[in-house]
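Observations on the three-dimensional arrangement
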Amino acid sequence: MVKIGQVNTLKVMREADFGLYLDGGEFGGILLPRKEVPEGAAVGDELSVFILLDTDDFVVATTRAPMVQVGEFASLQVVEVNKIGAFLNWGMPKDLLLPYAEQRGTLEAGKRVVVGVYVDNSDRIAATTKLDKLLSSPPQDLKVGQPVELLVCRRGDLGYSVIVDNSYWALLHQKDVFRTVRIGHKVQGYIKRVVDGGKVDVVLDKPGFGKVDELSQRILDDLAAQGGVSPLGDKSQPEAIYQAFGVSKKAYKMAIGHLKKLGRIDISPEGIKLLDD
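Now for a look at the structure at hand. The structure presented is a predicted model; accordingly, all values stated were derived computationally and were not measured.

Some remarks on the environment of L96
Looking at where L96 falls in the secondary structure, it is placed in strand β8 (residues 96-99). Linking L96 and L76, residues 20 residues apart in sequence, is a C-alpha distance of 9.5 Å. Apart from the residues within four sequence positions on either side, L96 is in contact with L76, A86, F87, L88, W90, V117, I125, A126 and A127.

Points about the pairing of strand β9 (residues 112-119)
Among the eight residues in β9, six count as buried, and that is most of the element. Relative to β9, strand β6 (residues 73-81) runs antiparallel, the two sharing five bridges. Each residue of the ladder has a partner; that of A74, found in β9, is V115. Sheet topology places β9 next to strand β10 (residues 125-128); four bridges connect them, and they run antiparallel. Counterpart to Y118 in the pairing with β10 is A126. The loop that links β9 with its antiparallel partner β10 comprises five residues; one of these, D123, has a positive phi angle of about 65 degrees.

Notes on helix α3 (residues 249-261)
The terminal C-alpha atoms of α3 lie 18 Å apart, and with 13 residues this matches the ideal 18 Å at 1.5 Å per residue to within 8%. Positive backbone phi, at 80 degrees, marks G263, one or two positions downstream of α3.

Things to note about the side chain of S216
Structurally, S216 can be placed in helix α1 (residues 212-225). Residues contacting S216, with those up to four places away along its chain left out, are A255, H258 and L259.

Re unusual backbone geometry
Of note, D57 is a non-glycine position whose phi angle comes to about 65 degrees, a positive value. At N166, a residue that is not glycine, the phi angle is positive and equals roughly 55 degrees. Assignment of secondary structure puts N166 in the loop between β12 (159-164) and β13 (168-173).

Some remarks on the pattern of salt bridges
Under the criterion given, the structure shown has six salt bridges. We note a salt bridge from R124 to D57, for which the minimum N-O separation is 2.7 Å. With a gap of 67 residues between them, R124 in the loop between β9 and β10 and D57 in the loop between β4 (46-53) and β5 (59-62) connect regions that are remote in the sequence. On the basis of relative accessible area, R124 is assigned to the partly exposed category, the value being 37%. A relative accessible area of 37% means that D57 is categorised as partly exposed. For E102, the salt bridge goes to K133, with nearest N and O atoms at 2.8 Å. With E102 in the loop between β8 and β9 and K133 in the loop between β10 and β11 (147-155), this pair connects stretches of sequence that are 31 residues apart. By relative accessible area, E102 is classed as buried at 12%.

Side note on the nonpolar core
Counting residues in each nonpolar core, the largest one holds 36 residues, and the members touching the most others are L22, I51, L88 and I125. The greatest single-element share of this core, amounting to six residues, is contributed by β4.

Digging into the side chain of N8
Assignment of secondary structure puts N8 in strand β1 (residues 7-16). Judged by relative accessible area, N8 falls into the buried class, the value being 8%. A polar atom in the side chain of N8 sits 2.7 Å from the backbone oxygen of Q6. Beyond its immediate chain neighbours, meaning those up to four positions away, N8 contacts M1, V2, K3, L47, S48, V49 and I51.

Observations concerning the sheet that holds strand β17 (residues 265-268)
Read from one edge to the other, the open sheet built from three strands follows the order β16-β18-β17, with strand pairing classed as antiparallel. The sheet is open, and its two borders are formed by β16 (229-230) and β17, each paired with just one other strand. Alignment of β17 against strand β18 (residues 271-274), held across four bridges, turns out to be antiparallel. Residue pairing across strands places I267 opposite I272, the latter belonging to β18. Sheet strands in contact with α3 are β17 and β18, and its direction is about 125 degrees off that of β17.

Quick notes on the rules
Residues numbered from 1 in each chain as written. Predicted model: local features only at pLDDT ≥ 70, side-chain atom pairs only at ≥ 80, totals over all residues. Heavy atoms only, no water. Helix = DSSP H or I, 4+ residues; strand = E, 2+ residues; numbered from the N terminus. Contact = heavy atoms within 4.5 Å. Buried < 20%, exposed > 50% of the residue type's maximum accessible area, 1.4 Å probe, protein only. Pairing = 2+ DSSP bridges. Expected span 1.5 Å × (residues − 1). Salt bridge = Lys/Arg side-chain N within 4 Å of Asp/Glu carboxyl O. Core = buried A, V, L, I, M, F, W, Y, C linked by side-chain atoms within 4.5 Å. Polar contact = N/O pair within 3.5 Å; in protein donor to acceptor, adjacent residues only side chain to side chain. Axes fitted to C-alpha atoms, helices over the stretch in contact; angles between N-to-C directions.

Written out as structure tokens, the structure reads:
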């Protein structure tokens, strides 16, 4: 089934002077204009294309890649605001409409806004800032430490509200933020826990000892570069640790504790020391 506003893999049915017609199922032949046709494409080939409506409301294909597809969320720049609504740059020749009815707050050209993308009743692709209606409840099988993609949407008293894997809300607590986080950015994250009522907390670094392996190697490399000693120990200030490694004091203490158990370092009030293998 062909999905408007998403990338589809379609078979080439026939060739015409002005492009290729792709098998669009219920939509019939979908035109991929000649200027979009990949070199060497022929009848019978399968092509990865984005499906949308053109200015005359015909279903067409393009090999251009938009910044966001239907069912996804992104931070987009406002290009223009007029009597119809706001128009957003989403990497396509025709800007994406954010209707007034789908807006929260006042928008102006040049600003960025976090939106979800959907198909309206006329099969046109549109944007909305009313994100809740496009999101669902968290899955039941989430696991602590599971890697996820986070879209940072807004900041509140407890931290940042984020959209996880284009699917559901989660909270990134302020106490778990040890690096710069900006509204509209997509970052790698991990499931921290599922709390009462099915709410989800996430973190930027893998919970528990999952982050230790990578950090441990960085600490060992840093020790080697400093002649085997470092003043950064388990009593050091969090700011000094973050400046050196970009992690929390808790994560650093876990890493050096693990290295000590492995017999790689010694920890003293003066810092840490690399031990001979």
